[in-house]
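Spelled out from the first residue to the last, the chains are:
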Amino acid sequence: MSDEKTLDLLEAKIQELRELNKKDGIDLSNEILRLETKLESLRAEFYANLSDWERVKIARHPKRPYALDYLEAMFTDFYELHGDRLVGDDRALLVGLARLDGRPVAVLAQQKGRSTEENKERLFGMARPQGYRKARRAMALAERFSFPVVSLIDTPGAYPGLEAEAGNIGGAIAENLLAMARLRVPIVAAVIGEGGSGGALAIGVADRVVMLENSIYSVISPEGAAAILWKEKEKTQEAARALNLTAPRLLELGVIDEVLPEPPGGAHRDFQRIAGLLKQSLVRHLAEIGTLPIADLLAARYRRYRSAGRYRTLSDR
Amino acid sequence: MAIFKDRNYLRVNLDKDADESLWMRCKACGELVFKRRVRENSNICPHCGEYFFLTARERIESLIDEGTFKDISKPIVDADPLGFQDTKPYLERVAEAQEATGLPSAIIIASAAVAGIPIVLGVMDFRFIGGSMGSVMGEQISYAMEEAIGRRCPFVLISSSGGARIQEGIFSLLQMAKTAAVRACLAEERLPFISIMTYPTTAGVQASIASLGDVIIAEKGAMIGFAGPRVIQSTISEQLPANYQTDSFAYQHGFIDRVANREDLRQELGKILGFFVEAR
């Protein structure tokens, strides 16, 4: 069974052959073609049978497109707004105004860092209370001026640190859940990478929730679940499967509205295409819900969350 | 879900072996104390003041006017929406918790009165899978708030929970949004919601319904916070202060309105409810 590394290695080898072909004038084109066909079929096979854990790895892939990549590709005029007006400006959760298909929207976006240096600032996409409070400020602004809200979710979770705890991170998340339940503008959320628990949900209460095919959304990380429930780190893969955290599975469970197909290997392999798909999806959803009277929109949003959950009713009482 | 460590509260089953030993040894001070004295003292050690765990029933008993309790919980129990199995199947875990606690789920919804004021009350029981919030608890809390609206009375929630019910995956996460959405209705109806945080009120419960009270009171010795100390130390390796995630930490940093001793909670609750009832 090939894994991602072997596939990448094979691809690199083919590239070397191509260069040889060019330089030395030895005709390797038949060899190259054969290998390319082979690689393509191996890749198709591998990505058609991804385990849930492998999807988790793609969702966290270092080359995965991040929120700012999508902001640049899908929106025009992104105008960032900074600060929660209380303690500071969170760099893991960005907010601002932008145009989507020419129309102004308010954007909430979780941003991971590409480099170690950038991650010092962005804390690997883990927002602190000031991030969630800044998001709430942006929501209030959106409501005041009737901007629809577009939320791009990509976080391992809210920042677990002393400073965040002292700032009542839990309370900040709770306040956002409350605000979004009643926000009087359309909200569309897209999970583009990791939907990490309360830290994701705190900008994820929406009228429509879409996910990229290899993104994940979960109450806890597979590592966390393995540690708490199995009490063994080695059970991470099993935990990933048990949690039902993949986009296709969540669609089956009826908790999200759409899965956007990624190219084999993940969104980074054909970014323009996936960014185009996501943009179309956001525009379409906003158009659909944008025509509803606000009372109907809020009632539908309320039903969506009020009915969330599965339980058994006892008949003998 | 935070990891539970016996620290401020010690667990003791007062009913177990009641005939064989009328006495128990307090794990905090080591004194032999008379079990009945402990029970009469709201499960507080009469010798050193250590708080022992209260079951949901004991908690209710310690808070409300005598004879006013009525269990109005919805007749629902946990399903297994994901077919979840860790070291044992989820529903087996649920059955064991039901057996051990005698409760259908991790929360009881009751109608009752405190200081003569009718309320709808939700009380979590930590013994039931760490008081974790899954679909049943989310539905019970939502239903309780709707009942409060129907009865035009305040809603009181006593939290004792490690957080979300991991075994229900995304469905447990969504209970945070669900309870927050219904809480918004309660606010629109201008009915008060008093949230009482006890040991422990953490993670998914602290980051949703428990933090949304009009007034938030912590019981002395409560553990309050989002990410447990183990999570923080393993991911960030920060030194944590001695009072980390205690009632005093939450109070100092402004998460809660007040801290109350267990024996004063009933009076405290009556007092605060009185203001709201007079206002209407």
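This is a predicted model, so every value here is computed, not measured. (Residues numbered from 1 in each chain as written. Chains lettered and ligands numbered in written order. Predicted model: local features only at pLDDT ≥ 70, side-chain atom pairs only at ≥ 80, totals over all residues.)

**Some words on the overall build of chain A**
Scanning chain A from terminus to terminus reveals 14 helices and nine strands. Relative to its length of 317 residues, chain A is compact, with a C-alpha radius of gyration of 21 Å against a globular reference of 20 Å. Structurally, chain A occupies a C-alpha span of about 70 × 55 × 40 Å along its principal axes. Sorting the 317 residues of chain A into buried and exposed places 48% on the buried side. Once local pairs closer than 6 in sequence are excluded, the contacts in chain A between residues at least 24 apart make up 71%. (Helix = DSSP H or I, 4+ residues; strand = E, 2+ residues; numbered from the N terminus. Rg over C-alpha atoms; globule rule 2.2 N^0.38 Å. Buried ≥ 20, exposed ≤ 12 C-beta atoms within 10 Å, placed from the backbone. Contact = placed C-beta atoms within 7 Å.)

**Notes on the overall build of chain B**
In terms of regular secondary structure, chain B is built from nine helices and 13 strands. Relative to the compact-globule value of 19 Å for 280 residues, chain B shows a C-alpha radius of gyration of 18 Å, a close match. Principal-axis analysis of the C-alpha atoms places the extent of chain B at approximately 50 × 45 × 40 Å. Relative to its full complement of 280 residues, chain B shows a buried share of 52%. A separation of at least 24 residues holds for 68% of the contacts in chain B among residues at least 6 apart in sequence.

**Concerning unusual backbone geometry**
Each neighbour pair has its own omega, and for B:Tyr199 with B:Pro200 the value is -15°, a cis peptide bond. Within the secondary structure layout, B:Pro200 lies in strand β10 (residues 193-202). Positive phi is not limited to glycine here, since A:Asn244 has a value of about 55°. With respect to the secondary-structure elements, A:Asn244 resides in the loop between α11 (236-242) and α12 (247-252). Its identity as a non-glycine residue notwithstanding, B:Arg190 has a phi of 55°, on the positive side. Within the element layout of this structure, B:Arg190 appears in the loop between α5 (169-188) and β10. Judged by C-beta crowding, with 11 C-beta atoms within 10 Å, B:Arg190 ranks as exposed.

**Side note on the interface of chain A and chain B**
Listed per partner, the contact involves 46 residues of chain A and 52 residues of chain B. Those elements that provide at least two residues to the side of chain A that touches chain B are α7 (162-166), α8 (169-182), α9 (197-201), β7 (216-218), α10 (222-230), α14 (294-306) and β9 (311-313) of chain A. The sheet contact formed by β9(A) and strand β6 (residues 76-78) of chain B spans three bridges and is antiparallel. Within the sheet, the bridge partner assigned to A:Thr313 lies in β6(B) and is B:Ile76. (Pairing = 2+ DSSP bridges.)

**Digging into the pairing of strand β7 (residues 107-114) of chain B**
Residue and element names in this part refer to chain B. In terms of burial, β7 is a largely internal element, six of the eight residues being buried. Pairing of strand β5 (residues 70-71) with β7, which is carried by two bridges, proceeds in the antiparallel orientation. Considered in β7, the bridge of Asp 71 is made with Ala 110. Pairing of β7 with strand β8 (residues 117-124) involves eight bridges; the strand directions are antiparallel. Residue pairing in the sheet places Ile 108 in a bridge with Val 123 of β8. Here β7 folds back onto β8, and the loop between the two strands holds two residues, one of which, Ala 115, carries a positive phi near 50°.

**Details of the nonpolar core**
Ranked by size, the top nonpolar core spans 175 residues in total, and within it A:Val149, A:Leu177, A:Ala190, B:Phe155, B:Ala177 and B:Ala180 carry the most contacts. By residue number, the principal contributor to this core is α5(B), which donates 10 residues. Aside from chain neighbours lying at most four places away, what touches B:Ala180 is A:Ala174, A:Leu177, A:Leu178, A:Ala181, B:Ser208, B:Ile209 and B:Leu212. (Core = buried A, V, L, I, M, F, W, Y, C linked by C-beta atoms within 7 Å.)

**Quick word on the confidence of the model for chain B**
All names here are of chain B. Averaged over all residues, the pLDDT of chain B equals 90, while 92% of them reach at least 70. Low pLDDT (under 50) marks residues 1-13, which in the prediction has 36 contacts with non-local residues, meaning those over four places away or in another chain. Predicted as a complex, the structure gets a pTM of 0.92 and an ipTM equal to 0.93. (pLDDT = per-residue confidence, 0-100.)

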